[in-house]
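# A closer look at the structure
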Amino acid sequence: MIHAFKMHGTNMVLDINSGSVHVFDDISYDVLSCYGDDGTLDAVRLKDLVAKYSRKDIEEACEEIEALRKNNLLFTSDPYAEMVSEWTGKTVTKALCLHIAHDCNLRCSYCFAGTGEYMGRRSLMSPEVGKRAIDFLIENSGNRKNLEVDFFGGEPLMNFEAVKEIVRYAKTREKEASKNFRFTITTNGLLLDEEKRAFINEHMHNVVISLDGRKEINDSVRKRVDGTGSYDRVLPLALKLAQERRDKEYYVRGTFTRQNLDFSNDVLHLADLGFDQISIEPVVAAENSGIDIRREDLETVFQEYEKLAKIYVERRKSGKWFNFFHFMIDLEGGPCIAKRLRGCGSGTEYLAVTPEGDLYPCHQFVGQKEFLLGNVFEGFNNNPVVREFRKTNVYTKPQCNSCWAKFYCSGGCAANAYQFNKSIKIPYDIGCELEKKRVECALWIKYKELEEENYINNDLTANMTTY
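These notes cover the structure that comes with them. Each chain carries its own residue numbering, running from 1 in the direction its sequence is written. The predicted nature of this model means local features are confined to residues of pLDDT at least 70 and side-chain atom pairs, given and counted, to a pLDDT of 80 or more, with totals for whole chains, interfaces and linings taken over all residues. Hydrogens and waters are ignored; side-chain quantities use all the structure's heavy atoms.

### Topic: the overall build of the chain
For the chain, the helix and strand inventory stands at 16 helices and 17 strands. Computed over C-alpha atoms, the radius of gyration of the chain comes to 24 Å, within 12% of the 23 Å expected from 2.2 N^0.38 for 467 residues, which places it in the range of a compact globule. With respect to the three principal axes, the spread of C-alpha positions in the chain is 75 × 50 × 45 Å. Under the scheme applied here, a residue whose accessible area is under 20% of the maximum for its type counts as buried, over 50% as exposed, and between as partly exposed, the area being computed with a 1.4 Å probe on protein chains only. In the chain, buried positions account for 54% of the 467 residues. Any two residues whose heavy atoms approach within 4.5 Å are treated as being in contact. Counting contacts in the chain only where the partners sit at least 6 residues apart, residues at least 24 apart contribute 70% of the total. Note that accessible areas follow from Shrake-Rupley with a 1.4 Å probe, and for residues the cover is restricted to the protein chains shown. Within the structure as shown, the chain displays about 21100 Å² of accessible surface, and the carbon and sulfur contribution to it stands at 48%. Lys and Arg are tallied as positive, Asp and Glu as negative. Neither His nor the chain termini are counted. For the purpose of locating charges, the reference atoms are NZ of Lys, CZ of Arg, CG of Asp and CD of Glu. The average position of the 62 basic charges and that of the 71 acidic charges among the side chains of the chain differ by 4 Å. Each helix is a run of H or I in the DSSP string that is no shorter than four residues. Each strand is a run of E no shorter than two, and both are numbered from the N terminus. Within these notes, the globule rule equals 2.2 Å times the number of residues to the 0.38 power, and the radius of gyration is based on C-alpha atoms.

Below, the structure written as structure tokens:
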């Protein structure tokens, strides 16, 4: 299987199974369109190209395509289908999302957690529950050394003393258990004072700060409890944190909705302010909510991604560097095979913990009792849904199995799939279309970066380039 697409005057071809990416000239690209998904050449379609190109040029293009096929760089067979059973067995837990606060000091219109209480009551995680969660993670992590703990909400800074106590406890336990903890915190930034920033910068490997971009966009959806906007308060605190992080990881993470389909302007607004690590995500909202991305919006959003990709490359050339999360792609290494097939590991390797210690497949399933998996004090409850998560992969989802982007998105978000289709095996189709466009943009950007670094032979007589 291959995927061929054009972007900003570049003809790109991805060989799905090998991961090889090629840049074709116009003749070779048109000749390639005469091949079927299985690599069979349609002689009738090829004959039609004679009116456009010379027979010699067509023959040369066919020869080069055949050479790529012989070198296992085009129309390759699937190397993973027979291996997938190896990753459907028992897994270990490697990451926990601790819901430090089921409460929030914002009232964002698109929040999947309601106003922070996750369909329940407002509550804060006690240090005792958090410490037990650390022990639970150690006990269920098997031989895995590197473990992750994400502090989440609601707004975790509303319960920051518990965060500090849990981190300090984990630091003592990791030495005893021969583990290594990596901490992340996600915050809306309202309470991000100097003391909290100092602790975060010392102990958190990554920080995610929520800000949606332009003031008018941010304040239309990210409102305080009293209805006022949050931009003026959050921006200076977020900038200070970003400056203080230096070489440590952080992201300014925003959401775009149907109200700002021109979201590239929000990305550039954040970049112009001085943020160099940016993620603006499409909203996942109920159909006809007024802010949901609809099928008729897709072409507009696609154009925005392509526009942003072009500006992204131009700015990097001029030294105005910034990183956009969805354009990050690693063609040489990338995720391991298991992650490519199964995704984030929700429900098996990754779990969410409520303030009371209840376990759910991930933060977006919290509060849905059919997904309750147990409690950190009592262990797992043998909920059969775990087996469904464990056995779900790109080959058990019909839409994914035939999709060219399956090894890049790994089947998409299980929570989004369930929200829209009541099944973790039926992907959220709008999300799929957006992801495919982002992958195309990321591949084009990678090519332009390699081209700029002179890793690619730009001889105009060459029909195609491979990397």
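### Re unusual backbone geometry
In most cases, non-glycine residues show a negative phi, while peptide bonds are predominantly trans. Of note, the amide linkage connecting Gly153 to Gly154 takes the cis form, showing an omega dihedral of 15°. Structurally, the position occupied by Gly154 is in the loop between strand 7 (146-152) and helix 5 (160-177). Phi at Asn288 is positive, roughly 60°, even though this residue is not glycine. Structurally, Asn288 is set in the loop between strand 11 (277-282) and helix 10 (298-317). A positive phi is found at Ser410, a non-glycine position, where the angle reads about 60°. Within the secondary structure layout, Ser410 lies in the loop between helix 14 (406-409) and helix 15 (414-421).

### Re the side chain of Glu281
Structurally, Glu281 is set in strand 11. Excluding anything up to four places from it in sequence, Glu281 contacts Arg253, Gly254, Thr255, Phe256, Phe325 and His326.

### As for the sheet that holds strand 15 (residues 374-375)
Strands are labelled as partners when DSSP assigns at least two bridges between them. Reading across from one edge, 12-11-10-9-8-7-4-13-14-15-16 is the order of the eleven strands in this open sheet, with mixed pairing throughout. Bordering the open sheet on either side are strand 12 (323-324) and strand 16 (379-380), each of which pairs with just one other strand. Only C-alpha atoms enter the line fits that serve as axes; for helices the fit covers just the stretch in contact. Angles between N-to-C directions range over 0 to 180 degrees. Across the face of the sheet, helix 9 (residues 264-273) comes into contact with strand 10 (251-256), strand 11 and strand 12 while running at roughly 160° to strand 11.

### Examining the packing of helix 6 (residues 194-203) against helix 8 (residues 231-245)
Close contact between helix 6 and helix 8 brings their axes to 10 Å; oriented N to C, the two are set at 35°. Handedness of the crossing formed by helix 6 with helix 8: right-handed. Taken together, the residues of helix 8 that come into contact with helix 6 (itself represented by Arg197, Ile200 and Asn201) are Leu237, Lys240, Leu241, Glu244 and Arg245. Here the term charged refers only to Asp, Glu, Lys and Arg, the term nonpolar to Ala, Val, Leu, Ile, Met, Phe, Trp, Tyr, Cys and Pro, and the term polar to all other amino acids, Gly among them. Class assignment for the residues of the contact of helix 6 with helix 8 results in three nonpolar, one polar and four charged. By convention, the crossing between two helices is left-handed when the near helix turns anticlockwise from the far helix through less than a right angle, and right-handed when the turn is clockwise.

### Concerning the packing of aromatic side chains
Between the rings of Phe, Tyr and Trp (Trp by its six-membered ring), a pair exists once the centres lie within 6.5 Å; its type follows the angle of the planes, with under 30 degrees stacked, over 60 edge-to-face, and the other angles tilted. Counting across every chain of the model gives 19 aromatic pairs. Seen from their ring centres, Phe160 and Phe199 are 5.6 Å apart, and the 85° between their planes marks the pair as edge-to-face. With a gap of 39 residues between them, Phe160 in helix 5 and Phe199 in helix 6 connect regions that are remote in the sequence. On the accessibility criterion, Phe199 (8% relative accessible area) is buried. Among the aromatic residues, ring-to-ring pairing joins Tyr312, Phe322, Phe324 and Phe327 into one connected group.

### So, the environment of Asp292
Structurally, Asp292 can be placed in the loop between strand 11 and helix 10. For Asp292, a relative accessible area of 4% translates into the label buried. Considering only alpha carbons, one finds Asp292 and Thr257, 35 residues apart in sequence, at a separation of 6.2 Å. The contacts of Asp292, once residues within four sequence positions are left out, are Arg258, Val283, Ala285, Ala286, Glu287 and Asp297.

### Structural notes on the pairing of strand 7
Strand 7 sits mainly inside the fold: five of its seven residues count as buried. With five bridges connecting them, strand 4 (residues 95-99) and strand 7 associate as parallel partners. Among the inter-strand pairings, Ala95 is bridged to a residue of strand 7, identified as Glu148. With the strands aimed away from the viewer, a crossover counts as right-handed if its path from the first strand over the helix to the second runs clockwise. For the crossover from strand 7 across helix 5 to strand 8 (residues 180-187), the handedness is right-handed.

### Some points on the packing of helix 4 (residues 127-139) against helix 5
Where helix 4 contacts helix 5, the two axes come as close as 9 Å, and the packing angle between them is 30°. Taken together, the axis directions place helix 4 and helix 5 in an arrangement best described as roughly parallel. Crossing of helix 4 against helix 5: the hand is right-handed. Contact residues: helix 4 offers Pro127, Gly130, Lys131, Ile134, Asp135 and Ile138, while helix 5 offers Ala162, Glu165, Ile166, Tyr169, Ala170, Arg173 and Ala177. Reported orientations rely on four angle classes, namely roughly parallel under 35 degrees, roughly antiparallel over 145, roughly perpendicular from 65 to 115, and oblique for the rest.

### Structural notes on the nonpolar core
In this structure, Leu98, Phe151, Met204, Phe275 and Phe324 are the most contacted members of the largest nonpolar core, which totals 123 residues. In contact with Phe151, not counting residues within four places along its chain, are Leu98, Ile100, Pro156, Val163, Ile166, Val167, Phe183, Thr184, Ile185, Thr186 and Met204. Take the buried Ala, Val, Leu, Ile, Met, Phe, Trp, Tyr and Cys residues and link them wherever side-chain atoms come within 4.5 Å; each set so joined is a nonpolar core. With 19 residues, the next largest nonpolar core counts Val13, Ile27, Val31 and Cys62 among its residues.

### Observations concerning the state of the cysteines
Note on terminology: disulfide denotes any pair of cysteine sulfur atoms within 2.5 Å. The tally for this structure, following the rule as stated, stands at zero disulfides. Of all cysteine sulfurs in the structure, the one in Cys362 sits closest to Cys344, which takes part in no disulfide; the separation is 6.4 Å. A disulfide-free cysteine, Cys432 has its sulfur positioned 6.0 Å from the sulfur of Cys400, the nearest such atom.

### As for the side chain of Asp297
Here Asp297 lies in the loop between strand 11 and helix 10. Sequence-distant contacts of Asp297, that is, excluding residues within four places in its chain, are made with Arg258, Leu261 and Asp292.

### A few points about the pairing of strand 8
Sheet topology note: the strand 7/strand 8 ladder contains six bridges and is parallel. Bridge pairing in strand 8 places Asp150 opposite Thr184. Two elements, strand 8 and strand 9 (residues 206-210), share four bridges in a ladder whose sense is parallel. Directly across from Thr187, in strand 9, lies its bridge partner Ile209.

Taken by themselves, the reported measurements are silent on function.
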